[in-house]
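Report on the structure
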Amino acid sequence: MNDSPALRRKRALARAALWWEAVWPAAWPALGVAGLFLIFALLGLPSVMPGWLHVLVLLGFGLGLGFALWRGFRHFGRPGLSAVDRRLERASGLAHRPLAALADQPATKDPAGQALWAAHQARMRRMIARLRVGRPRPGLAARDRRALRGGLLVALAAALVMAGPEDAPGLVRRALTPSFHVAPPPAPLRTEAWVTPPGYTGAPPIFLAAEGGAATVPAGSRLQIAVSGALGRAPEATGPAGLAFQPLGGGSFTAQAVLDSGARIAIQHDGRELVAWNLAVQADAPPVAGFTEPPARAQRGLAIRLPWRAEDDWGVISLRAEFRLAARLDAAPVTLDMTLPSAAPKQARGLAQPDLSAHPWAGLPVRLRLVARDGAEQEGVSEEVELTLPERSFNHPVARAMIEVRKALSLAPQARLPAMRDLEQLANAPEAFENDSSTLLALRTARGQLQRDRRPEAVAEVQDLLWEAALALEEGRDSRTARALAEAQRQLREALNEAERNPQDEQQRSEVERRIEQLREAIRRHLEALAERLQRENAEALPYDPQQRMLDQRDMDRRTRRMEDAARENRMQDARRELAELEEMLRALQEGRVARGESPERQRQRERGQQQMGAVQDMIRRQGEMVDEGQRRSEQQEQREQQRRRQQQPWNQRPFQPPSQQGQEDPSQGEREAEQSRQAETRRQRALRRALGELMQQQGDLTGEIPEALGRADQSMREAQDALREGRDARESQQEAIRNLQEGGRQMAQQMQRQFGQGQGQGEGEAEDDPGGDMEMGGEGQEGEQQLGQGRDPLGRRPRESTGNADNGSDTRVPEEAELLRTRRLQEELRRRGAERERPAEELEYIDRLLRRF
């Protein structure tokens, strides 16, 4: 019978499967022995064996391989045709052996039988069309029930990885050829040494040359030496005390010591010197501190002007000023910490202006010195300067007497009896302090505490009590007039309410007019008290201007006359509006918003402060632009990644399209542009941080203080710069820098408010109203105050007349003072929100459009 080509092909495949099912189980033991030998060779074990043992191991592997082959192939037989057919029939699930039926012949020649046999063979041929070879089934799992073959494969792979693809052939060759030569000499000694400077220096490790040499290292550095390949005895080291080698195992040793002085370091082994270094130690010089100008009283106020400088070879960690009482040098000093421009500057200058007028030593001679400390806990002391601490002047005689008792206790704390007598005399004359019960109680309490409390701390507590009592007594008038003014305002509001409820009642209108007259008198008394207070506080540096008080008084009188006219004409709503505006003016006056004359030097300092505030605002804007640029770069990178992923999808690829036409844009081109943009932004961030450092130095020279928020902004900028240089996302650090710059601008405004008085940095002195942040960063303060005091509109246009709301006869209404204040507050709020770059882009654009209109 002629077989079809398909049947012959399937029989060939079935024969191959039978061969595999017979050979693989028979060859597996031999392959296992070969795998063990490869592991033995790749691990390098033959190289550490003597020659005779290596021969025995090879002989054992050879015998094992031969035995495994004999046992595996002793029953091996070639598969016959019948076995091939039976496998095809079993794999195909055919019954009645159809392949055998094709080759058989019927026993009879009967025509009916022949026809039946032909039908049977046709049916068998149809069944043969469904023949399948099936997968080989060697049955190895049944013989290796513990899966040792898997462990062998894992061990062989691990040994191959350890040996490496380059050394594996050589290891196998060496395993097949035993060597009876003497073992090669051990690897030569290897010595490594480095010096780690102290952490406060910030210097990198210094690696010493392997062949020896000389080096200079900072004092306190740690020397570390590592020696490998030293078989036998441990190496020896000569040099500083405590330098000895400790074993690490495997012929490796280590030694370390702290270098406080220069020395020659030598390493010896087996009687010979391996290497030597001559190390010189650079001593850490103590820091230097001093005054750039002699300390003196500030031009204005009661602060002390302390221009200082400090330097150190590795950086100044802290700087403080120490005040010692000249009459009692054994007393504990008063210390003030100075703010440094950076974490550990090597050279720094600054200006501090502490106010010690409330200290018990105020008005007494003290000795002042600066103390700088470096990272090695060394201190440098400046020359001592003697000066008298500024003290506040008191006009009330009892207040002056209490301050004198306070100063006497500072000079002689043990002299309690004279202080008690003085306090008793003051308490026995209550008419001198207008029979004020709080002052009398303070005097009695202070005397009793000095008499009964023998603790040393009691003297300081009594001094604090006397200071508070003297302040209350001295500042009592303006406080009392303020309370009387508030009461007059309350009574006038009640009268206005009654008049509105009874508009036809003439008696109520008369009551309103009487309350307005009381308010006018309360305003006059309060203005006089405020004028006296301002004259006392600014007498040292700013002469009192009575014309300004007359201007305030005329403005208040104008308001009260308008209120009288409105009440007389039964226009209570207009009277209420005039009262609200008058209260706003009084609040502004109370908070010191009215501009007053200044010396040219003070004006220049104020202008410098305004320029610095404008610089902070500009930094916030520039940092916000960098945040926006980082956001755009991130979105572009995300778009490129999405495009790359889409192109990599199988259904988006075109196999017959040339590579040059698969995309209109080269992905590498966008990455190069992004890298160039990141480098440019890194340079901008570095320049912005450098400008911030200069601003902090100028702020320190101007006010003697550097806001802590600016230091945090510098740290955030440094983190953003590092992130940009390393290719990471810097937006979080940049946003943190913006927040710190905003807070630093508020702190600068508050510092200059304390330094230069009202109006600095805000245009209307909002430091007390809104310490949280409605502060303008620009330089409009002085101009805004002048415009407000002279009756200009918020934009500083033409002045209006003292009466009426029309501008030179025009029908255009110029806003009143209260509206000016509200308008300026709106501008400040818009500027503050515009500096917050994390707000939505639509909102920021809207705020910019509003500000451009102003």
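1. As for a nonpolar patch on the surface
A contiguous nonpolar patch, built from Leu43, Leu45, Val48 and Met162 and spanning about 420 Å² of accessible area, is present on the exposed surface. Along the chain, leucine 45 turns up in the loop between helix H1 (5-42) and helix H2 (51-73). By relative accessible area, which is 37% here, leucine 45 ends up partly exposed.

2. With respect to the sheet that holds strand S6 (residues 246-249)
Through backbone hydrogen bonds, the strands of a sheet pair up, either in parallel or in antiparallel fashion. Overall, antiparallel pairing links the 5 strands, which are arranged S2-S1-S4-S7-S6 in an open sheet. Edge positions in the open sheet fall to strand S2 (206-207) and S6, since each of these has one partner strand only. For strand S1 (residues 190-196) and strand S4 (residues 221-228), the ladder comprises 7 bridges, and the chain directions are antiparallel. Each residue of the ladder has a partner; that of valine 195, found in S4, is leucine 223.

3. Description of the sheet that holds strand S5 (residues 236-238)
Taken together, the 4 strands give an open sheet; going across it, the order is S3-S9-S8-S5, and neighbouring strands pair in mixed fashion. The two strands at the open ends of the sheet, each matched to only one other strand, are strand S3 (213-218) and S5. Pairwise comparison of adjacent strand axes, ignoring direction, gives a mean angle of 25 degrees for this sheet.

4. Observations concerning helix H11 (residues 437-452)
For H11, with 16 residues, the first-to-last C-alpha span of 22 Å sits near the 22 Å given by 1.5 Å per residue. Along H11, the residues that are buried comprise Thr439, Ala442, Leu443, Ala446, Gly448, Gln449 and Leu450. As for H11, its buried residues are in contact with helix H9 (397-411), helix H10 (416-427) and helix H12 (457-474).

5. Overview of the packing of H9 against H10
Running from N to C, H9 and H10 point in directions that differ by 170 degrees, and their axes come no closer than 10 Å. Looking at the two axes, H9 sits roughly antiparallel to H10. Between H9, through Val398, Ala401, Met402, Val405 and Leu409, and H10, the contact on the second element is made entirely by Ala419, Asp422, Leu423 and Leu426. Taken together, the residues of the contact of H9 with H10 sort by class into 8 nonpolar, no polar and 1 charged.

6. Points about the packing of H9 against H12
Remark: H9 packs on H12, axes separated minimally by 9 Å, with the N-to-C direction vectors making an angle of 160 degrees. Viewed along their axes, H9 and H12 adopt a mutual orientation that is roughly antiparallel. Of the two possible hands of crossing, H9 and H12 adopt the one that is left-handed. In this structure, H9 uses Val398, Ala399, Met402, Ile403, Val405, Arg406, Leu409 and Ser410 to contact H12, whose residues at the interface are Val459, Val462, Gln463, Leu466, Trp467, Ala469, Ala470, Leu473 and Glu474. By residue class, the composition of the contact of H9 with H12 is 13 nonpolar, 2 polar and 2 charged.

7. Describing H10
Compared with the 16 Å implied by 1.5 Å per residue over 12 residues, the 16 Å span of H10 between its first and last C-alpha is a close match. Buried-residue contacts for H10 involve H9, H11 and H12.

8. Focus on the pairing of strand S13 (residues 316-325)
Across 9 bridges, the pairing between S13 and strand S16 (residues 365-374) is antiparallel. Within S16, the position partnered with glutamate 322 by the bridge is arginine 369. Here 4 bridges tie S13 to strand S14 (residues 334-337), and the two strands are oriented antiparallel to one another. The residue bridging phenylalanine 323 from the neighbouring strand is valine 334, located in S14.

9. Concerning the side chain of aspartate 714
Locating aspartate 714 in the fold gives a position in helix H19 (residues 708-725). Look at aspartate 714 and you get buried, because its relative accessible area is 17%. For aspartate 714, the side chain forms a polar contact with the side chain of arginine 689, separated by 3.2 Å. If sequence neighbours within four positions are ignored, aspartate 714 has contacts with Arg689, Leu692 and Met696.

10. Overview of the confidence of the model for the protein chain
Per-chain confidence: the protein chain averages 77 in pLDDT, with 75% of residues scoring 70 or above. Overall, residues 538-551 carries pLDDT values under 50, and its contacts beyond four positions in sequence, including any with other chains, amount to 21 contacts. Here residues 651-665 scores under 50 on pLDDT; set against residues more than four positions off or in separate chains, the count is 6 contacts.

Parameters and conventions
- Residues numbered from 1 in each chain as written.
- Predicted model: local features only at pLDDT ≥ 70, side-chain atom pairs only at ≥ 80, totals over all residues.
- Heavy atoms only, no water.
- Patch = residues over 30% accessible without salt bridge, like charges linked within 9 Å, V, L, I, M, F, W, Y side chains within 5 Å.
- Areas by Shrake-Rupley, 256 points an atom, 1.4 Å probe, with all protein chains shown as cover.
- Salt bridge = Lys/Arg side-chain N within 4 Å of Asp/Glu carboxyl O.
- Helix = DSSP H or I, 4+ residues; strand = E, 2+ residues; numbered from the N terminus.
- Buried < 20%, exposed > 50% of the residue type's maximum accessible area, 1.4 Å probe, protein only.
- Pairing = 2+ DSSP bridges.
- Axes fitted to C-alpha atoms, helices over the stretch in contact; angles between N-to-C directions.
- Expected span 1.5 Å × (residues − 1).
- Contact = heavy atoms within 4.5 Å.
- Parallel < 35°, antiparallel > 145°, perpendicular 65-115°, else oblique.
- Nonpolar A, V, L, I, M, F, W, Y, C, P; charged D, E, K, R; others polar.
- Left-handed = near helix turned anticlockwise from the far one by under 90°.
- Polar contact = N/O pair within 3.5 Å; in protein donor to acceptor, adjacent residues only side chain to side chain.
- pLDDT = per-residue confidence, 0-100.

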